[in-house]
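Survey of secondary and tertiary structure
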Amino acid sequence: MTLNAAQQHQALPGVRHFLKDDDITPAQQAEILDLAAKMKADRHAHRPLAGPKSVAVVFEKPSTRTRLSFDVGIAELGGHSVVIDAQSTQLGRGESVADTARVLSRYVSAIVIRTFGDDRIAELAEPATVPVVNALTDGWHPCQLLADLQTIAEHRPLKGTSIAYLGDAAFNMGNSTVIASSLAGMHVRVGAPEGYQPAAEVLERAARINAATGGSVTVTADPVEAVAGADVVSTDAWVSMGMADSAKRFGELHAYQLNAGLLAHAADDAIVLHCLPAHRGEEITDECLDGPQSRVFDQAENRLHAQKALLAWLVKESQ
């Protein structure tokens, strides 16, 4: 029997999506990070999207680094970036994300989306016949963590390295830090007050991963305990996109501000990470963000290289 065009499209082999950090194995994470390092060393040597193949980059939330790094990265891979402001499309008028996925799959080689609930990206990925990449949801920020791990790996081996994450760890950056670092065999210390700590389900997933990788996760309400001797100290904004600006939130998180006094408890050669944008003087001080231990702007650059490697890997794996 001869398949028509639509049937052929639906008959494509399995597609790899990257919706959360543990959609890849520890070995696959290491493979992507190795490719990212090679792409950073020679930015124009890898062109798997030559053709050019197109990638849809959809934004339902504002963005600076994600928009620029994917747009530039897709071009450097030989492809064409189709940047879409969702509010200017039928998505903004109520068309389902599933229908949008079906249409985009006919046009592009991959779909990148920054959106709200994880249910929304799952609805997009289910009918998509090209890879879907999570560029940030309420629950996960896996592309950022690939960049974070690449940045750390430029200074020390990932396995066995300790990372302290301070502040609000109950949302996307906290969740992704716990899971991605566990995949890499790292020792995670979360310093956060009650109500801002990772959910039990996230910690249970991390425990299963750590049983295989040798990593660990410790959660404490004591910021000094979290930071003591850590090789890496990471934080993020206390008020993220969609959150209310709350004096109560600032009051509860004030003790977790990354400042010189707290950083002094970390290892002497500890590096400082922040995924940006930073609210200077809130979750981090200028002396830490701009100081000699900061690798924040290396981390921002590595979004470009890590995402290029991820896209190249997903497209290859989905062929």
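All residue numbers refer to position in the chain's written sequence, counted from 1. Residue-level local features of this predicted model are given only where pLDDT is at least 70; pairs of side-chain atoms are given and counted only at 80 or more, and the full residue set underlies all totals for whole chains, interfaces and linings. Side-chain descriptors were evaluated using all non-hydrogen atoms of the structure, hydrogens and water having been removed beforehand.

1. Looking at the side chain of S234
For clarity, the cut-off: Counting from the N terminus, the helices are the DSSP runs of H or I reaching at least four residues and the strands are the DSSP runs of E reaching at least two. Between buried and exposed lies partly exposed: a residue is buried under 20% and exposed over 50% of the maximum accessible area for its type, with that area taken using a 1.4 Å probe on protein chains only.
As for its placement among the helices and strands, S234 is situated in strand 8 (residues 232-235). The class for S234 is buried, based on a relative accessible area of 2%.

2. Notes on the nonpolar core
The criterion, for reference: Residues belong to a common nonpolar core when they are buried Ala, Val, Leu, Ile, Met, Phe, Trp, Tyr or Cys residues joined through side-chain atoms within 4.5 Å. Any two residues having at least one pair of non-hydrogen atoms within 4.5 Å are treated as being in contact.
Grouped together as the largest cluster of nonpolar side chains are 59 residues, with contacts concentrated most on F70 and I152. The greatest single-element share of this core, amounting to eight residues, is contributed by helix 13 (residues 296-317). Not counting the four nearest positions on each side in its chain, F70 is found in contact with V57, V112, V133, A135, C143, Q307 and L311.

3. Focus: the sheet that holds strand 8
Rule in force here: A pair of strands counts as paired when DSSP detects no fewer than two bridges linking them. In this analysis an axis means a line fitted to C-alpha atoms, helices contributing only their contacting stretch, and an angle means the value between N-to-C directions, from 0 to 180 degrees.
Pairing within the open sheet is parallel, and its five strands lie in the order 7-6-5-8-9. Looking at the sheet topology across the chains shown, the edges are occupied by strand 7 (216-220) and strand 9 (271-274). Here the average twist between neighbouring strands, direction ignored, is 20°. Looking at chain direction, strand 5 (residues 162-166) and strand 8 are connected through four bridges and run parallel. If you follow Y165 over to strand 8, its bridge partner there is S234. Most of the contacts of helix 7 (residues 172-183) go to strand 5, to which it runs at about 170°, and overall it touches strand 5, strand 6 (187-191) and strand 7.

4. Notes on the confidence of the model for the chain
Here is the rule: pLDDT is defined as a per-residue confidence score from the predictor, taking values between 0 and 100.
Per-residue confidence for the chain gives a mean pLDDT of 93; residues scoring 70 or more make up 94%. Across residues 1-12, confidence stays below pLDDT 50; counting only partners more than four residues off in sequence or on other chains, it has ten contacts.

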